[in-house]
Amino acid sequence: MSALGAGFVPRKRRGAELYLVVLALAVGLGAYVGVGLGVSGDVPADVYTFGGGLALLALLTHAVVRWLAPYADPVLLPLVIALNGLGLAMIYRIDFGLADRGQSVGPFAGPQLTWTAIGVAGFVAVLFIVRDHRRLQTYTYTFGLVAIVLLLLPLLPVLGVEVNGARIWVSLGPLSFQPGEIAKLCLVIFFAGYLVVKREPLALAGRRFIGIDLPRGRDLGPILVAWLLSLGVLVFQRDLGSSLLFFGLFLVLLYVATERAGWLVVGGLLFAAGAYFSYLTFDHVQLRVQGWLDPFSDTDDYFQIIQGQYGMAHGGLLGRGLGQGDPVMTPYSYSDFIAASLGEELGLAGLMAIIVVYALVVERGLRTALVCRDTFGKLVATGLAVSFALQVFVVVGGVTRLIPLTGLTTPFLSYGGSSLVANWAIIALLMRISDQTRRPAPEVRPLESDDATQVVRMR
Amino acid sequence: MSELTLTLIKLGFLAVLWLFVLSAVSVIRSDIFGARVDSTKTRQPKAAKQPKPGREPRGSPRSVEVTEGPNAGQTVPLDGRPILIGRGSDAALRLDDDYVSTRHARIATNGEQWFVEDLGSTNGTYLGSQRVTSPMPLTVGTPVRVGKTVVELRK
């Protein structure tokens with residue numbers, strides 16, 4: 001509340017947003033032109049259609065924000081546009097490389113631009129439909145149910161498809177998508193709505209043990225359910241990344257809602273137990289850990305990790321330059337390993353800039369949560385920002401071999417429709433909450449006490 | 001395309017990328033430190049209050065008086081602490097009115113203004129024709145009706 005103290009005058013700051021959107025477009029289009037110059041020596045022929053499409057989408061989102069969320073955070077949208085544009089340019093560059101090598105996959109840049117348009121449509125739809133984020137609290141358990149159904153969809157015999165050992169895809173004729181990405185958004189709303197109601201008993205009851213407040217045994221229910229859910233995702237879908245993401249998300253929200261470090265201790269122990277157990281039981285987890293600790297022990301199994309490492313080393317401090325490297329040597333250089341591809345062509349300097357952009361997105365989300373006046377909005381904004389942060393940490397950490405590699409998409413950069421649409425929806429929700437938070441409070445008119453009631457004398 | 005040109009393009013793009021990041025940071029910075037403070041509205045009253053500390057501003061109420069009802073004429077002095085109105089023995093303004101709840105209403109101040117707040121009474125607290133559901137600002141001489149009793153702030 002301190003930021004909304006006496007002297008705070010709410011400002012819309014849409015002008016600053018427009019300036020940053022133009023700069024973000026310069027990043028995206030600059031990368032696109034840079035790829036053309038680097039690969040073939042001249043500006044790509046379709047720069048007008050491609051660049052025009054991207055610019056149109058960016059300015060459309062800006063106009064919609066001016067109309068539907070005039071007080072929303074001015075930095076969030078440009079950051080996302082820059083990431084999306086950069087990802088598009090990198091995918092366009094990888095299309096060249098794939099064509100050179102005569103590989104049958106791709107091209108990806110066209111579909112990615114289409115998915116960006118669909119993502120922007122989703123962004124507009126969320127801003128239009130959700131006029132007040134507090135209304136979402138009414139549908140807490142509906143969102144929980146939807147999340148469970150979405151998570152179970154890939155396990156159904158006809159719909160679900162297994163790709164590269166992970167059963168996280170749903171296929172409907174020509175269309176296929178990862179429901180887990182949308183489930184993430186639903187889970188954040190469900191966790192937030194649940195914790196708003198249940199946080200008092202979770203926060204207050206319990207006993208103290210060596211300086212840490214430990215929760216009561218009977219309050220452990222929800223955290224155990226979340227733990228089992230993420231273990232289920234791990235066992236049945238073999239999706240390490242999402243499993244980590246869901247559990248981490250619930251743990252952080254529980255901690256934020258109750259302000260008790262005891263939950264972190266309990267959650268950390270549960271995580272350690274689950275991780276050790278799955279390391280012993282599942283060979284795909286052992287494979288990931290082995291590839292993290294010693295990738296050169298088997299150059300066939302860990303080919304992707306090794307290639308990614310070489311790619312980033314090839315890039316060095318300033319990178320090879322757009323179109324000058326050879327990121328296609330790494331399998332899945334356009335989706336899971338796009339961070340390594342960017343590291344090769346833009347170098348440490350470029351990859352650091354991208355990570356700072358991610359950090360700024362998370363910072364704006366947490367800032368919105370801090371200033372937000374209602375608990376539900378606070379928890380949703382925290383959850384969305386934390387899910388973003390966790391996802392970037394898990395995937396970039398995996399690619400750079402800080403932690404074992406787990407399959408998650410890099411938000412806004414990776415090729416992939418479900419991820420783009422889900423992340424645009426997340427940003428829309430964050431901007432809706434920040435719009436509600438930053439707009440001026442309605443004025444309270446002092447009561448006019450001129451016409452008092454007649455006191456009727458009854459005796 | 002020569003090696004030099006490509007190097008310049010590479011460095012130029014990295015410069016654009018970082019320019020974008022730094023511009024975003026500077027917008028965030030101006031958001032934190034640059035919020036315009038409306039100095040004419042917020043500074044003036046503080047400056048006016050400063051010279052005479054300890055003295056209450058003119059027009060602030062000194063007591064609560066019962067103007068109608070069984071306890072008419074009773075007054076309770078105000079010293080900045082909240083006043084509990086009700087039939088109970090712990091009420092600062094105790095009323096012998098059957099239509100008043102044990103803990104009926106409270107009159108409290110935030111230092112500048114007085115407020116009346118209903119404490120979940122059976123028959124309600126009325127300010128003018130309006131039932132008090134949330135704390136309402138109260139001025140001197142405004143009748144507050146609790147049960148069959150009317151109280152008001154007096155200077």
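All figures in this text were calculated on a predicted structure; none of them were measured in a lab.

Caption draft 1: Inspection of the overall build of chain B at higher detail. Per the secondary structure count, chain B includes two helices and 11 strands. In chain B, the succession of α and β elements from N to C terminus is α-α-β-β-β-β-β-β-β-β-β-β-β. Looking at the 155 residues of chain B, the share that counts as buried comes to 36%. Contacts spanning at least 24 positions in sequence make up 36% of the contacts within chain B whose residues lie at least 6 apart. In the form shown here, chain B has an accessible surface area of approximately 9,200 Å², with 52% of it arising from carbon and sulfur atoms.

Caption draft 2: Structural view of the packing of aromatic side chains. All names here are of chain A. For the coordinates displayed, the defined rule picks out 19 aromatic pairs over all chains. Pairing Y92 with F96 gives two aromatic rings, centres 5.1 Å apart and planes at 80 degrees, and the pair type is edge-to-face. With Y92 and F96 both in helix 3 (residues 76-100), this residue pair falls four residues apart, about one helical turn. Judged by relative accessible area, which is 27%, F96 ranks as partly exposed. Ring geometry for F191 versus F250: centroids 4.6 Å apart, planes at 65 degrees, classification edge-to-face. Placement of the pair is F191 in helix 6 (residues 179-204) and F250 in helix 8 (residues 240-258), with a sequence separation of 59 residues.

Caption draft 3: The sheet that holds strand 2 (residues 166-172) of chain A, seen in detail. All names here are of chain A. Pairing within the open sheet is antiparallel, and its three strands lie in the order 1-2-3. If you trace the sheet from one side to the other, it starts and ends with strand 1 (160-163) and strand 3 (175-177), each paired once. When strand polarity is set aside, the average angle formed by the axes of neighbouring strands in this sheet is 40 degrees.

Caption draft 4: Highlighting the confidence of the model for chain B. Residues and elements named next belong to chain B. Per-residue confidence for chain B gives a mean pLDDT of 79, with 83% of residues at or over 70. Mean pLDDT per element in chain B: helix 2 (residues 39-49) is the minimum at 45, and helix 1 (residues 3-33) is the maximum at 90. When the criterion is pLDDT under 50, residues 39-56 qualifies, and its contacts beyond four places in sequence or with other chains add up to six contacts. Both scores are available for the predicted complex, with the pTM at 0.76 and the ipTM at 0.87.

Caption draft 5: Examining the sheet that holds strand 9 (residues 136-138) of chain B more closely. Residues and elements named next belong to chain B. The mixed open sheet is built from five strands, whose spatial order is 4-3-5-6-9. Two strands in the sheet have a free side with no partner beyond their single neighbour: strand 4 (93-94) and strand 9. Sheet analysis places strand 6 (residues 114-118) next to strand 9, joined by three bridges and oriented antiparallel. By the bridge assignment for strand 9, W114 is matched with L138.

Caption draft 6: The arrangement of helix 9 (residues 261-281) of chain A in detail. Residues and elements named next belong to chain A. In a regular helix each residue adds 1.5 Å, so 21 residues correspond to 30 Å; helix 9 covers 30 Å between its end C-alpha atoms and thus fits that length. If you check which residues of helix 9 are buried, you get G262, W263, V266, G267, L270, G274 and S278. Buried residues of helix 9, viewed axially, fall in a sector of 125 degrees; they line one side. What points out from helix 9, more than 90 degrees from its buried face, is the exposed set L269, Y276 and L280.

Caption draft 7: Representation of the side chain of H133 of chain A. All names here are of chain A. By the element assignment, H133 lies in the loop between helix 4 (109-129) and helix 5 (140-152). Within the local environment of H133, its side chain forms a polar contact with the side chain of D374, the two groups lying 3.2 Å apart. Filtering out sequence-adjacent residues up to four positions away, H133 remains in contact with C372, D374, F376, G377, R432, I433 and Q436.

Caption draft 8: Structural view of the pattern of salt bridges. For the structure on display, the rule yields 14 salt bridges over all chains. Between D132 of chain A and R134 of chain A there is a salt bridge whose closest N-O contact spans 3.1 Å. The partly exposed category is assigned to R134 of chain A, whose relative accessible area is 40%. Residue R154 of chain B is joined to E152 of chain B by a salt bridge in which the shortest nitrogen-to-oxygen separation is 2.8 Å. Residue E152 of chain B is classed as buried on the basis of its relative accessible area of 13%. Through salt bridges that share partners, D73, E363 and R364 of chain A make up one connected network.

Caption draft 9: Spatial organisation of a nonpolar patch on the surface. Side chains of L317, L318, L348, M352 and I355 of chain A together with L11 of chain B sit close together on the surface and give an oily, nonpolar patch of about 500 Å² of accessible area. Considering each element in turn, the nonpolar patch owes the most residues, three residues, to helix 12 (residues 338-371) of chain A. Tracing the backbone through its elements, the reader meets L348 of chain A in helix 12.

Caption draft 10: Layout of the pairing of strand 5 (residues 105-109) of chain B. Residue and element names in this part refer to chain B. Pairing geometry for strand 3 (residues 83-86) and strand 5, over three bridges, is antiparallel. Residue pairing for strand 5: I83 is matched across the bridge by I107. As consecutive antiparallel partners, strand 5 and strand 6 are separated by four residues, and within that stretch G111 has a phi angle of approximately 105 degrees, a positive value.

Caption draft 11: Quick peek at the state of the cysteines. Residues and elements named next belong to chain A. A full pass over the atoms with the stated rule returns zero disulfides over all chains. Looking at C186, it has no disulfide partner, and the nearest cysteine sulfur is the one in C372, 20 Å off. Taking the relative accessible area as the measure of exposure, C186 reaches 7% and is therefore buried. Exposure remark for C372: the relative accessible area of 2% places this residue in the buried category.

Caption draft 12: Focus on the packing of helix 7 (residues 221-237) of chain A against helix 9 of chain A. Residues and elements named next belong to chain A. In contact at an axis separation of 11 Å, helix 7 and helix 9 are set at 25 degrees when each is read in the N-to-C sense. As judged from the angle between their axes, helix 7 and helix 9 are roughly parallel. Judged by the sense of rotation from one axis to the other, the crossing of helix 7 with helix 9 is right-handed. Between helix 7 and helix 9, the contacting residues are I223, L224, W227 and L234 on the first element and W263, V266, G267, L270, F271, G274 and S278 on the second.

Caption draft 13: Highlighting helix 1 (residues 14-40) of chain A. In this model, helix 1 of chain A (27 residues) spans 38 Å end to end at C-alpha, consistent with the 39 Å of a helix rising 1.5 Å per residue. Once helix 1 of chain A ends, the next one or two residues include G41 of chain A, with phi positive near 90 degrees.

Caption draft 14: Spatial organisation of the nonpolar core. Residues L86, F123, L342 and W424 of chain A together with F20 of chain B are the most contacted members of the largest nonpolar core, which totals 140 residues. With near-sequence residues (within four places) excluded, L86 of chain A lies in contact with V27, G28, A31, L342, I354 and L413 of chain A together with F13 and L17 of chain B. Counting 21 residues, the second-largest nonpolar core is a separate cluster that includes V66, I83, W114 and L153 of chain B.

Caption draft 15: How the structure looks around the environment of P201 of chain A. All names here are of chain A. Assignment of secondary structure puts P201 in helix 6. Judged by its relative accessible area of 35%, P201 falls in the partly exposed class. Along the chain, P201 and T258 lie 57 residues apart, while their C-alpha atoms are 9.0 Å from each other.

Caption draft 16: Quick peek at the environment of F388 of chain A. With respect to the secondary-structure elements, F388 of chain A resides in helix 13 (residues 375-399). Not counting chain neighbours up to four residues away, the residues in contact with F388 of chain A comprise Y358, V361, V362, P411, F412 and N423 of chain A.

Cut-offs used in this document
- Residues numbered from 1 in each chain as written.
- Chains lettered and ligands numbered in written order.
- Predicted model: local features only at pLDDT ≥ 70, side-chain atom pairs only at ≥ 80, totals over all residues.
- Heavy atoms only, no water.
- Helix = DSSP H or I, 4+ residues; strand = E, 2+ residues; numbered from the N terminus.
- Buried < 20%, exposed > 50% of the residue type's maximum accessible area, 1.4 Å probe, protein only.
- Contact = heavy atoms within 4.5 Å.
- Areas by Shrake-Rupley, 256 points an atom, 1.4 Å probe, with all protein chains shown as cover.
- Phe/Tyr/Trp six-rings, centres within 6.5 Å; stacked < 30°, edge-to-face > 60°.
- Pairing = 2+ DSSP bridges.
- Axes fitted to C-alpha atoms, helices over the stretch in contact; angles between N-to-C directions.
- pLDDT = per-residue confidence, 0-100.
- Expected span 1.5 Å × (residues − 1).
- Arc of directions from axis to C-beta.
- Polar contact = N/O pair within 3.5 Å; in protein donor to acceptor, adjacent residues only side chain to side chain.
- Salt bridge = Lys/Arg side-chain N within 4 Å of Asp/Glu carboxyl O.
- Patch = residues over 30% accessible without salt bridge, like charges linked within 9 Å, V, L, I, M, F, W, Y side chains within 5 Å.
- Disulfide = S-S within 2.5 Å.
- Parallel < 35°, antiparallel > 145°, perpendicular 65-115°, else oblique.
- Left-handed = near helix turned anticlockwise from the far one by under 90°.
- Core = buried A, V, L, I, M, F, W, Y, C linked by side-chain atoms within 4.5 Å.

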